[in-house]
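# Structural overview for review
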Amino acid sequence: MSIKVENVSFTYSKKTPNSYEALHNVSLEIKKNSITGIVGHTGSGKSTLVQMFNGLLKPETGTITVDDFVIDSKQKKIKNVKQLRKHVGLVFQFPEYQLFDETVEKDVSFGPKNFGMNNIDALNKAHEALAMMGIDETYYKRSPFELSGGEKRKVALAGILAIDPDILILDEPTAGLDPKSSLEVLTLVEKLHEQGKTIVIITHDMDLLFRYCDHVVLLKDGNVAFDGKPENLFQKNIDDLSIDVPKIYQFLDILKKKGLDLSKENIRSVDELVKVLTERRKK
Amino acid sequence: MNIIEVKNLTYSYSEEQINTLHNVNLTIKRGDYVSILGHNGSGKSTLAKVIMGLCPNYQGTITINGKELNKENLAAIRKDIVMVFQNPDNQFIGATVEDDIAFGLENAQVPHKEMRDIILDYANKVGMSNYLDKEPSNLSGGQKQRVAIAGVLALNPKIIIFDESTSMLDPKGKKEIYGLISLLKKNNPDLTVISITHDIEEAYLSDYIVVMNHGEVIKEGTPNEVLKNASELAKQNLDVPFQVKLIDALNKSGFDIKEDASLEEVGDIVCR
Ligand SMILES: Nc1ncnc2c1ncn2[C@@H]1O[C@H](COP(=O)(O)OP(=O)(O)OP(=O)(O)O)[C@@H](O)[C@H]1O
Ligand SMILES: Nc1ncnc2c1ncn2[C@@H]1O[C@H](COP(=O)(O)OP(=O)(O)OP(=O)(O)O)[C@@H](O)[C@H]1O
Ligand SMILES: [Mg+2]
Ligand SMILES: [Mg+2]
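Per chain, residues are indexed from 1 in the order of the written sequence. Labels follow written order: the first chain is A, the first ligand is 1, and so on. Restriction of local features to residues with pLDDT of at least 70 applies here, the model being predicted, together with a cutoff of 80 or more for giving and counting side-chain atom pairs; totals for whole chains, interfaces and linings are based on all residues.

### With respect to the overall build of chain A
Secondary structure is summarised from DSSP: a helix means a run of H or I of at least four residues, a strand means a run of E of at least two, and numbering begins at the N terminus for each. Scanning chain A for helices and strands turns up ten helices and ten strands. In terms of overall size, chain A behaves like a compact globule, its C-alpha atoms giving a radius of gyration of 21 Å where 283 residues would be expected to give roughly 19 Å. In terms of principal-axis extent, the alpha carbons of chain A reach across some 65 × 50 × 35 Å. Put simply, chain A has 283 residues, and 45% of those count as buried. Whether two residues are in contact is decided by their C-beta atoms, placed from the backbone, lying within 7 Å. Residue pairs in contact within chain A that sit at least 24 positions apart in sequence constitute 63% of those at least 6 positions apart. Each radius of gyration is computed over the set of C-alpha atoms, and the globule rule expresses the reference value as 2.2 Å times the number of residues to the power 0.38. Partly exposed residues are those falling between the two cut-offs: more than 12 but fewer than 20 other C-beta atoms within 10 Å of their own, whereas 20 or more means buried and 12 or fewer means exposed, with C-beta atoms placed from the backbone.

In structure tokens form, the structure reads like this:
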């Protein structure tokens with residue numbers, strides 16, 4: 001078990017004219033040590049959903065169980081919320097929501113310090129996390145607000161990595177990152193996954209989903225529209241789902257129309273495809 | 001004709017810092033759709049902000065639509081060129097989506113009686129007409145980007161700079177926005193669009209590509225000139241468009257396919 005969501009609804013600004021129900025009776029389960037992708041159209045409720053996993057938002061109905069933590073809509077306050085935030089690290093969609101301190105180094109060392117580390121250890125931890133994100137020492141004393149968009153995201157990611165949570169939730173972690181940095185982040189995610197961590201990634205990038213995730217949840221208007229394996233998602237009629245077919249699938253579809261059906265080959269990358277096509281040609 | 005000319009532009013945010021932009025020279029043709037690529041921190045947003053007149057202490061000259069960028073011309077230039085910022089939150093001023101779009105129109109001295117129609121039209125075009133009375137800060141990430149885009153399109157400018165303005169849109173939303181831009185360009189072939197992006201597939205479809213690296217322009221040209229060589233792209237930390245990657249890999253394993261073949265043509269060859 002890692003995260004179990006049972007009959008959860010959520011309404012923003014309840015009892016005001018702006019009241020808006022963003023999630024309707026959602027149930028799903030995220031298994032320990034999986035890499036789960038959460039996809040769905042703009043405004044479908046993705047960011048709302050994951051903010052409940054570490055207690056930033058409280059469900060209006062139902063319960064969320066995260067390993068030993070129970071978040072029950074009937075309770076007034078979430079119990080052990082500080083420990084929960086150590087257990088579940090969430091990187092926001094907009095890094096600006098997370099960055100707050102005067103310098104990059106202070107910002108990233110805040111988390112470990114807040115969870116009990118002494119100053120020196122926390123700084124070391126921060127430097128280590130920044131290095132993982134490719135942010136070198138020339139940035140330590142700079143203001144996190146005077147960085148480029150991608151640099152801000154990397155610092156925000158480092159801030160959560162420094163806490164070393166067991167469950168890592170990334171809300172569009174590659175938006176604004178250059179291709180090399182995206183790959184570095186995703187490679188790191190794979191490594192953390194191998195070390196036993198549970199990963200949740202919100203993304204619109206179907207190639208990413210297909211390449212890295214073993215489980216996908218599709219939200220539509222605050223409901224779960226699909227829950228299963230990524231390869232099965234694209235077999236559905238996706239026209240109205242605001243998702244896209246990975247490019248490799250689009251090409252396989254062109255081949256199929258021309259009479260070459262490779263759907264049984266389980267092809268996931270250009271290299272695998274080229275291998276199959278080359279062998280076929282030799283025959 | 002060139003709508004933007006940048007000559008020997010050098011800029012640094014502070015004296016202690018090394019140059020963020022170093023001797024940048026760039027010309028952009030009227031009516032082009034230009035993509036600017038480059039690694040994080042390469043100076044793309046800074047270049048855009050300097051061109052917008054937001055970073056005054058630069059060296060070099062910048063000419064926009066025939067007017068040199070300086071204090072006297074700034075107000076006139078701001079009528080020609082608009083920008084969607086990388087973080088839409090930095091752009092919102094109004095308390096509601098409607099106020100926010102109205103604010104820009106007011107600045108552009110659009111008569112009050114025309115405003116409501118323009119706002120409805122553009123909110124509709126980006127699929128946000130049901131959100132006019134919402135607070136911009138309470139929208140989802142993609143909704144914010146849509147509103148920010150509507151706000152600048154409504155101003156009917158000559159040049160639009162998009163700074164990663166579709167990075168958080170769902171694939172369908174992205175297509176809708178690109179469709180909207182190409183419709184606007186069709187109705188007004190002189191509209192110049194500059195798109196700062198990491199999306200190589202988007203860049204592949206543009207008229208012209210500029211590649212930045214550590215504050216300098218290191219490469220520019222048509223997509224075919226800039227993006228055709230897969231191994232060189234990888235060296236420059238650029239992504240490789242799927243099509244280029246596929247053709248390159250097929251040719252390396254013995255196929256003989258033209259560099260600029262379409263996916264349909266590639267399909268015909270491999271199915272033979
Ligand atoms: N603070 C808020 N107050 C009121 N409504 C909100 C608030 N935050 C989000 N909403 C609304 O709730 C819905 C779901 O928002 P959410 O941010 O969860 O979407 P999302 O799936 O993450 O979308 P995106 O891909 O655009 O980031 C949206 O319609 C949004 O307008
Ligand atoms: N307000 C600022 N003050 C000081 N330095 C800044 C400021 N904004 C950006 N920089 C620095 O200038 C350099 C260029 O930043 P810029 O925002 O132009 O990059 P970019 O190409 O847009 O990158 P990204 O793809 O990450 O958005 C970076 O090294 C950044 O740290
Ligand atoms: Mg979101
Ligand atoms: Mg930028």
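On we go.
### A short note on the overall build of chain B
If you tally the helices and strands in chain B, you get eleven helices and ten strands. In summary, chain B has a C-alpha radius of gyration of 20 Å against a globular reference of 19 Å for 272 residues, a match within 12%. Projected onto its principal axes, the C-alpha coordinates of chain B cover approximately 65 × 45 × 35 Å. Taken across its 272 residues, chain B has 44% of its residues classed as buried. In chain B, of all internal contacts separated by at least 6 residues, the share reaching a separation of at least 24 is 61%.

### Some remarks on the site of ligand 2
Using a C-beta atom placed from the backbone, a residue is scored as near a molecule or strand whenever that atom is within 6 Å of it. Around ligand 2, the structure places 18 residues, and the nearest of them are Ser148, Gly149 and Gly150 of chain A together with Ser45 and Thr46 of chain B. Lying at an intersection of chains, ligand 2 is approached by residues of chains A and B. Breaking the shell around ligand 2 down by element, the ones donating at least two residues are α5 (149-161) of chain A together with α1 (44-51) of chain B. Here the shell around ligand 2 is composed, by residue class, of two nonpolar, 13 polar and three charged. Throughout, the ten residues Ala, Val, Leu, Ile, Met, Phe, Trp, Tyr, Cys and Pro are labelled nonpolar, Asp, Glu, Lys and Arg are labelled charged, and all others, Gly among them, are labelled polar.

### Digging into the domain arrangement of chain A
All names here are of chain A. The domain limits used here are those given by an automatic or database domain assignment. On domain assignment, one finds that chain A holds domain 1 (3-245) and domain 2 (246-283). Spacing between the C-alpha centres of domain 1 and domain 2 amounts to 34 Å. Taken together, the contacts link six residues of domain 1 with five residues of domain 2. Of the residues contributing to the side of domain 1 that touches domain 2, the split by class is four nonpolar, no polar and two charged.

### With respect to the interface of chain A and chain B
In many analyses, interface size is given as the accessible surface area lost on bringing the parts together. Taken together, the 36 residues of chain A in the interface contact 37 residues of chain B. At the level of elements, α5, α6 (179-194), α9 (247-257) and α10 (270-282) of chain A are the ones that each hand at least two residues to the side of chain A that touches chain B. Among the elements that make up the side of chain A that touches chain B, the one with the highest residue count is α10 of chain A (five residues). For the side of chain A that touches chain B, a count of residues per class yields 13 nonpolar, 14 polar and nine charged.

### Considering the sheet that holds strand β6 (residues 88-91) of chain A
Sheet strands line up and pair through hydrogen bonds in the backbone, either parallel or antiparallel. Residue and element names in this part refer to chain A. What the six strands build is an open sheet, ordered β6-β7-β8-β3-β9-β10; its pairing is mixed. Here the strands that pair on one side only, and so sit at the sheet edges, are β6 and β10 (223-228). Across the sheet, the mean angle from the axis of one strand to that of its neighbour is 15°, orientation sign disregarded. The sheet contact formed by strand β9 (residues 215-220) and β10 spans five bridges and is antiparallel. In the strand pairing of β10, Val216 is matched with Gly228. The pairing criterion for strands is at least two bridges between them, as found by DSSP. Lines fitted to the C-alpha atoms define the axes, with helices restricted to the stretch that makes contact. Angles between their N-to-C directions range from 0 to 180 degrees.

### Observations regarding the nonpolar core
Within soluble globular proteins, side chains that are nonpolar generally end up buried alongside one another. If you look at the biggest cluster of nonpolar residues, it comprises 84 residues, and the most contacted ones within it are Leu9, Ile101, Tyr122, Ala123, Ile149 and Ala150 of chain B. At six residues, the largest contribution of residues to this core is made by helix α5 (residues 141-153) of chain B. Setting aside chain neighbours within four positions, we find Tyr122 of chain B in contact with Ile101, Ala150, Leu153 and Ala154 of chain B. Note on terminology: a nonpolar core is any set of buried Ala, Val, Leu, Ile, Met, Phe, Trp, Tyr and Cys residues joined through C-beta atoms within 7 Å. In this structure, Ala22, Val108, Ile199 and Ile202 of chain A belong to the second largest nonpolar core, which totals 66 residues.

### Comments concerning the site of ligand 1
Within the structure, ligand 1 sits among 20 residues, and Ser47 and Thr48 of chain A together with Ser140, Gly141 and Gly142 of chain B are positioned closest to it. The local environment of ligand 1 is shared, drawing residues from chains A and B. At the level of elements, β2 (20-30) and α1 (46-50) of chain A together with α5 of chain B are the ones that each hand at least two residues to the shell around ligand 1. Residue composition of the shell around ligand 1, grouped by class: five nonpolar, 14 polar and one charged.

### Digging into the domain arrangement of chain B
We note that the domain assignment places domain 1 (2-227) and domain 2 (241-272) within chain B. For domain 1 of chain B versus domain 2 of chain B, the separation of C-alpha centres amounts to 35 Å.

### Focus on the sheet that holds strand β3 (residues 33-38) of chain B
All names here are of chain B. Within the open sheet, the six strands sit side by side as β6-β7-β8-β3-β9-β10. Their pairing is mixed. Each of the sheet's edge strands pairs with one partner strand only, and the pair in question is β6 (81-84) and β10 (216-221). Direction aside, neighbouring strands of the sheet carry axes that sit 20° apart on average. Relative to strand β8 (residues 192-196), β3 is paired through four bridges, and the arrangement is parallel. Paired with Tyr33 across the bridge in β8 is Val193.

### Brief notes about the confidence of the model for chain B
Residue and element names in this part refer to chain B. A residue's pLDDT is the confidence the predictor assigns to it, expressed on a 0 to 100 scale. Per-residue confidence for chain B gives a mean pLDDT of 93, with 100% of residues at or over 70. Per-element averaging of pLDDT across chain B places helix α9 (residues 230-235) at the bottom with 75 and α1 at the top with 98. Interface confidence for the predicted complex, given as ipTM, is 0.92, next to a pTM of 0.93.

### Quick look at the environment of Met117 of chain A
Residue and element names in this part refer to chain A. In this fold, Met117 is placed in the loop between α3 (104-114) and α4 (119-132). Residues Met117 and Ile163, spaced 46 residues apart in sequence, show a C-alpha to C-alpha distance of 10.0 Å. Apart from the residues within four sequence positions on either side, Met117 is in contact with Pro112, Ala122 and Lys125.

### Quick look at helix α4 (residues 112-125) of chain B
Residues and elements named next belong to chain B. Relative to the 20 Å expected for 14 residues at 1.5 Å per residue, α4 spans 20 Å between its end C-alpha atoms, a close match to the ideal helical length. Those residues of α4 lying buried are Ile119, Tyr122, Ala123 and Lys125. On an axial view of α4, the arc spanned by its buried residues comes to 150°, and they lie on one face. The exposed set on the far side of α4, more than 90 degrees from its buried face, consists of Lys113, Glu114, Arg116, Asp117 and Asn124. Lining the buried residues of α4 we find α3 (97-107), α5 and α6 (171-187). Gly127, located one to two residues past α4, shows a positive phi value of around 75°. Expected helix span is computed as 1.5 Å times (number of residues minus one). The arc refers to the directions leading from the helix axis to the C-beta atoms.

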